[in-house]
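Now for the letters of each chain:
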Amino acid sequence: MNDEDIIKDLPFWNAAIRIQPLDGGITNHNYKVTTETASDTKQYVVRLGSDIPVHQILRFNEIAASKAAHAAGLSPAIQYHCEGVLVMDYIAGKALTPEQVRRENMLQRVLPLVKRCHQEVPKHLRGASIVFWVFHVIRNYTATLFEANSTYADSLPQLLLMANELEAAAAPFDIVFSHNDLLAANILDDGERLWLIDWEYGGFNTPLFDLGGIASNNELDEAQERWMLESYFEKTLDDDLWRRYQAMKTASLLRETLWSMVSELYSSVDFDYRKYTAANLARFDLSLAHFKEL
């Protein structure tokens, strides 16, 4: 059964539907669905995707995090879900780009959104939840790549050594509920407010991971990074926090690189993962070199 047939067969619909593919997903297939009756028109996003064990994606966790984020006022409401399917309200907005996130007025809007995620989402979370520990994820990815005889196998031992060094340098750790995938495309602007979407990797983590993700995914400069840390923690930035943050930012780039290496082997989504791997590996190398200079 193809995607459109799966969507049409959902028992959620009470009217005829129109289905339109949405661009941007590199893990799932996403569609905009419009229902029309004589008196009303409604729009939804349908995400199709089951658990992805190699990426530690568990749909029960995504649903719980999405519901909590909606209750916290950050995300659209889930209207229906079943095995491999998530239906949520459609937000008539545009996904941000890294260029937009880097603008001073936008970064000043994005940072409070992330801080609200850290502080407010866990108040609404129900049921079992996960810990997203980037260094465990890195070790698990390297094991997966070794087992699959990946073409990157020769480089993995050195990457593991670097991960261990970064883990030691990033301590001690505060714990919040993090989004853990702060790509610009996961932030929507409807013209009045920002929305945070896509909770596949939501879980308890150090806030430095999300902050590092904002910086690395959107190529913030050093002045922006320092402003971000001082604004988030509401204190003057010292050398210790700066080094811990740089370690976690570098680890976030290593995780993204390994994620792409694994996706090269297992993903069925039409996306150039090899090119994405090369780009992230280059960014990781630069970040690691900078960290070692501190």
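Everything below is about the structure printed above this text.
Predicted, not measured: the structure shown is a model, and the values here were computed from it. (Residues numbered from 1 in each chain as written. Predicted model: local features only at pLDDT ≥ 70, side-chain atom pairs only at ≥ 80, totals over all residues. Heavy atoms only, no water.)

**Describing the overall build of the protein chain**
1) Next: The helix and strand inventory of the protein chain stands at ten helices and ten strands.
2) Next: For the protein chain, the C-alpha radius of gyration of 19 Å lies close to 19 Å, the compact-globule estimate for 294 residues.
3) Next: Taken along its principal axes, the extent of the C-alpha atoms in the protein chain is 65 × 45 × 35 Å.
4) Next: Considering the protein chain as a whole, with its 294 residues, one finds that 51% of them fall into the buried category.
5) Next: Here the contacts in the protein chain between residues at least 6 apart in sequence split such that 68% fall between residues at least 24 apart.
6) Next: Accessible area of the protein chain: about 13,800 Å², with a carbon and sulfur share of 51%.
7) Next: Of note, the protein chain has its 27 positive side-chain charges centred 3 Å away from the centre of its 41 negative side-chain charges. (Helix = DSSP H or I, 4+ residues; strand = E, 2+ residues; numbered from the N terminus. Rg over C-alpha atoms; globule rule 2.2 N^0.38 Å. Buried < 20%, exposed > 50% of the residue type's maximum accessible area, 1.4 Å probe, protein only. Contact = heavy atoms within 4.5 Å. Areas by Shrake-Rupley, 256 points an atom, 1.4 Å probe, with all protein chains shown as cover. Lys, Arg positive; Asp, Glu negative; His and termini not counted. Charge placed at Lys NZ, Arg CZ, Asp CG, Glu CD.)

**Focus on the sheet that holds strand β8 (residues 187-189)**
1) Next: Within the open sheet, the three strands sit side by side as β6-β8-β9. Their pairing is antiparallel. Of all the strands in the sheet, the pair left with one neighbour each is β6 (94-95) and β9 (194-196).
2) Next: Sheet topology places β6 next to β8; two bridges connect them, and they run antiparallel. Bridge pairing in β8 places Lys94 opposite Asp189.
3) Next: Those strands touched by helix α4 (residues 104-124) are β8 and β9, and its axis lies near 40 degrees from that of β9. (Pairing = 2+ DSSP bridges. Axes fitted to C-alpha atoms, helices over the stretch in contact; angles between N-to-C directions.)

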